[in-house]
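Okay, here's what each chain looks like letter by letter:
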Amino acid sequence: MLVILTALFVVALAAPVLFRWTGRQGFYLLAAAPAAGFVWLLTQLPHVFALQEALDAGRPVPASAARLDRAVPWVPYLEIELAFRMDVLAAFMSLIVLGVGALVLAYCARYFREHEPRNAVFGGQLLAFAGAMFGLVTTDDLMVLYTFWEITSVLSFLLIGYSGHRIFARRSAITALIVTTFGGLAMLAGLIMLAHFAGSWRISGVLEAAPALMADAGLRGLLEVAVALVLIGALTKSAQAPFHFWLPAAMAAPTPVSAYLHAAAMVKAGVFLVARLAPEFHGLAMWQVLVIGVGLWTLLLGGWRALRQTDIKLVLAYGTVSQLGFLMVANGLGTRDAAMAGLAMLLAHAVFKAPLFMVVGIIDHEAGTRDLRQLSGIGRRHPALAAVAVVAGLSMAGLPPLFGFVAKESVLEGLAAHGVAHADVWGWTPLVLMTVGSVLTFAYTWRFLWGSFAAKRDEEGAAVPVTRFHTRVTTLELAPAALLALAGLVLAFLPGPVEGIITAHTGSLPPLDPEEAPAYLALWHGWTPILALSAGVWVLGALLSPDSAASQVRVVMWDIRLPVALMAVVTGASLAIAGAQMQTILDNPLAEPFTLGISAAAALGAAPGPGGHVLLHGHAGAGAARVAHGGGVVLLEGGEQRLAAFVLVGRREHADVGDAAQEGDVEGAHVRGAVRADDARPVQGEDHRQVLDGDVVDELVVGALQEGGVDGHHRLEPLAGQAGGEGHGMLLGDAHVVVAAREALLEL
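Residues numbered from 1 in each chain as written. Predicted model: local features only at pLDDT ≥ 70, side-chain atom pairs only at ≥ 80, totals over all residues. Heavy atoms only, no water.

A look at the overall build of the protein chain
Reasoning step 1: Secondary structure summary: the protein chain contains 27 helices and 10 strands in total.
Reasoning step 2: The contacts in the protein chain between residues at least 6 apart in sequence include a share of 79% that link residues at least 24 apart.
Reasoning step 3: If you sum the accessible surface of the protein chain, you get close to 27,200 Å²; carbon and sulfur atoms cover 65% of it. (Helix = DSSP H or I, 4+ residues; strand = E, 2+ residues; numbered from the N terminus. Contact = heavy atoms within 4.5 Å. Areas by Shrake-Rupley, 256 points an atom, 1.4 Å probe, with all protein chains shown as cover.)

Description of the pattern of salt bridges
Reasoning step 1: Summed over all chains, the structure comprises 12 salt bridges.
Reasoning step 2: Where Glu81 meets Arg202, a salt bridge forms, and the shortest distance between an N and an O atom there is 3.0 Å. With a gap of 121 residues between them, Glu81 in strand 2 (residues 80-85) and Arg202 in the loop between helix 8 (167-198) and helix 9 (203-215) connect regions that are remote in the sequence.
Reasoning step 3: Note on Glu81: relative accessible area 25%, which makes it partly exposed.
Reasoning step 4: Overall, the relative accessible area of 22% leaves Arg202 in the partly exposed class.
Reasoning step 5: The salt bridge partner of Arg113 is Glu116, with a shortest N-O separation of 3.9 Å.
Reasoning step 6: Here Arg113 falls in the exposed class, since its relative accessible area comes to 55%.
Reasoning step 7: Taking relative accessible area as the criterion, Glu116 reaches 17% and is therefore assigned buried.
Reasoning step 8: Among the charged side chains, a network of salt bridges with common partners joins Glu81, Asp140 and Arg202. (Salt bridge = Lys/Arg side-chain N within 4 Å of Asp/Glu carboxyl O. Buried < 20%, exposed > 50% of the residue type's maximum accessible area, 1.4 Å probe, protein only.)

Remarks on the confidence of the model for the protein chain
Reasoning step 1: Residues of the protein chain with pLDDT of at least 70 account for 73%, and the chain-wide mean is 77.
Reasoning step 2: Mean pLDDT in the protein chain bottoms out at strand 4 (residues 614-617), which sits at 27, and peaks at helix 3 (residues 26-43), which reaches 97.
Reasoning step 3: Low pLDDT (under 50) marks residues 548-748, which in the prediction has 385 contacts with non-local residues, meaning those over four places away or in another chain. (pLDDT = per-residue confidence, 0-100.)

Some words on the packing of aromatic side chains
Remark: the centre distance and the inter-plane angle together describe each pair of aromatic rings, the angle taken between the planes.
Reasoning step 1: Tallied over the full model, the rule gives 13 aromatic pairs.
Reasoning step 2: Here the aromatic rings of Trp524 and Trp527 are separated by 5.1 Å at their centres, their planes lie at 85°, and the arrangement is edge-to-face. Comparing Trp524 with Trp527, the two get one shared label, exposed.
Reasoning step 3: Chaining the aromatic ring pairs together yields one cluster made of Phe19, Phe27, Tyr107, Tyr111, Phe112, Phe122 and Tyr162.
Reasoning step 4: The side chain of Arg305 reaches across the aromatic face of Tyr318, ending 5.3 Å from its centre.
Reasoning step 5: The residue whose ring lies beneath Lys456 is Trp450, and the NZ or CZ to ring-centre distance is 5.0 Å. (Phe/Tyr/Trp six-rings, centres within 6.5 Å; stacked < 30°, edge-to-face > 60°. Lys NZ or Arg CZ within 6 Å of the ring centre and 35° of its normal.)

Thoughts on the environment of Ala195
Reasoning step 1: Secondary-structure assignment places Ala195 in helix 8.
Reasoning step 2: Judged by relative accessible area, Ala195 falls into the buried class, the value being 6%.
Reasoning step 3: Separated by 52 residues in the primary sequence, Ala195 and Met143 place their C-alpha atoms 9.7 Å from one another.
Reasoning step 4: Apart from the residues lying within four places of it in its own chain, the contact partners of Ala195 are Leu142, Ser200 and Trp201.

So, unusual backbone geometry
Reasoning step 1: Cis geometry is found at the peptide bond from Ala241 to Pro242, where omega equals 5°.
Reasoning step 2: Among the structural elements, Pro242 can be located in the loop between helix 10 (220-237) and helix 11 (246-249).
Reasoning step 3: Cis rather than trans, the peptide bond between Pro400 and Pro401 has omega equal to 5°.
Reasoning step 4: For Glu79, which is not glycine, the phi torsion reads 60° and is therefore positive.
Reasoning step 5: In this fold, Glu79 is placed in the loop between strand 1 (69-75) and strand 2.
Reasoning step 6: For Glu79, a relative accessible area of 60% gives the class exposed.
Reasoning step 7: Here the phi dihedral of Ala423 falls at roughly 50°; this positive angle occurs in a residue that is not glycine.
Reasoning step 8: Looking at the secondary structure, you find Ala423 in the loop between helix 19 (403-422) and helix 20 (425-453).

Overview of a nonpolar patch on the surface
Reasoning step 1: Residues Leu486, Leu489, Val490, Phe493 and Leu494 make up a contiguous nonpolar surface patch of roughly 450 Å² in combined accessible area.
Reasoning step 2: Its place among the elements puts Leu494 in the loop between helix 21 (475-493) and helix 22 (496-506). (Patch = residues over 30% accessible without salt bridge, like charges linked within 9 Å, V, L, I, M, F, W, Y side chains within 5 Å.)

Section: the packing of helix 10 against helix 13 (residues 266-281)
Reasoning step 1: The interhelical angle for the contact between helix 10 and helix 13, taken along N-to-C directions, is 155°, at an axis separation of 7 Å. When the axis of helix 10 is compared with that of helix 13, the two are roughly antiparallel. In this structure, helix 10 uses Leu223, Val227, Val230, Leu231, Ala234 and Lys237 to contact helix 13, whose residues at the interface are Met266, Val267, Ala269, Gly270, Leu273, Val274, Leu277 and Phe281.
Reasoning step 2: For the contact of helix 10 with helix 13, the per-class residue count stands at 12 nonpolar, 1 polar and 1 charged. (Axes fitted to C-alpha atoms, helices over the stretch in contact; angles between N-to-C directions. Parallel < 35°, antiparallel > 145°, perpendicular 65-115°, else oblique. Nonpolar A, V, L, I, M, F, W, Y, C, P; charged D, E, K, R; others polar.)

What follows is the structure, given as structure tokens:
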């Protein structure tokens, strides 16, 4: 175990030498390290089971498993040790971290071009991240856990900021670092409190002392605070609302980062910590609020936002936010059957989300765009690529015969049992809201598959030109994604090995009903109420999808507002963090209210802005956009909805920046403080594929109408000759224009 941990970091340090000899083939050499660890761990599973059995029974560790429970003194006078224990939960997480990590590194060998100058640095950082995650899930010391936790934050900052020449990539990396480090510091305080209460720095020692701590009425209040602080760390790392915004912004990173950190590794750290602590602490009031309540909120918020994206990578990003909420709730109930279902869903998520991100990376590289309005006909031209995406996507949607269906059914069964056991409104709430979240999951999965592979027509009924790839998709390029998608199919028919590993961990946990037989994983449980519930999810998901044929008979979902109270909480809590960051960007007294006004308008439809302005909500997918001459206002033209001009408010003052007009609805605004067009750098090459997170793309498309209102009817011509290539000029999708404009804004 310690040899594997050391080897991961040593090979990562050797990456520059390996790449000097082998070029991008060095990624295969790096992949060999986690692959070897994965194979070794499979051979050690009998000893892992023996160790877990001994721990559950309170017996000494058997000699055959002694190497799986090691401790080396680190800070003796504080009794802090480099303690590592490969129990079943640690082994289960390690198999995901090592297995998916090896495949993502192999994918990198074809994702990156030959002789890219930073291939070695990227590969070394990604492998070091795998090592940090391996240490995080296997350690049994609270301070060592915190150390690896922060190492993952630093490495994620470096990986997200890979395209450091782009200001948005740098800011996305800084945002992720600030949010996760804030959570880590809160967690550190909570860990110190727990260690003090339990009299032990060992995680196992804290869990052993937990029943006595929970029974101590005088200590209960402080225990609530300590666990709440630890959970803040878990919430930030796993992108739970209101801290979720860093994950969509992190899509500025290369696709392998998303396929690993945001599908199988970093974002699962918080879920892992919840799964580790849930059996002992799920009865706390703060646990119910921060894990169950926030998890349900995140599930719905992320799913709703995913349905509004036009960038297929952002569809997956917000879908990941939603599914992390699903995983938090499933793993946070703390009972035997719920834990089994939650861990099965954690594995299912890794084996369908990682290949979907890989598919997006291939499309992005070969087509030059991720805009689902421009992608057309890829499914017919590249059936193998489409087949991999469909298998992984249907697993994400929870359709049989795939492992995503098996895991989701188990989660819903556990939630139904939870409702029966508590027999009140709040007992049934998780099942109801998780079902609603599953409907959203089905809908945005449909949107992703349709947007990526279907042949499309524009608003006038003309066929969208077929998307052509620059090169042929090779077997080596597609193989890592195909292997993971295939695993999702095989595990549905053969869930026994996975169930055996999971139940070795959950067998000692308390059941909801001692009379009930343990739950099990199976593709077919018979004609059950949960199966009928799943069928209803599929039907409602098809009706909800804005791109399905069934959507023609549905109510227009975009005109439906979430309850004002919920959105007020979402807006206020999220912008308490985001607004502070925007204030540092705009050295302008309007900065904070401008930020707040944008999100309020997006949430509620329209709201008064700063200084008597009116901020009108607009749909980011509504039409093409241009950067106009003279005034430099982004002009939105056409589309299904009426949009006002998008105005950037910055430090720079212009006496007269001109008027902005909208084609078909010539309503303009004399604006002040706008950024000139020549400040907005055109987006070219690799950069044009990097878009803002969905909150900015969808909610920053607003109009700022100065007091005095309409003042002109000028049609301003687009800039010409500043970005080469058809489709890469100033007639860009609105998301891409916002990127160029915001980069100019951030540099003021």
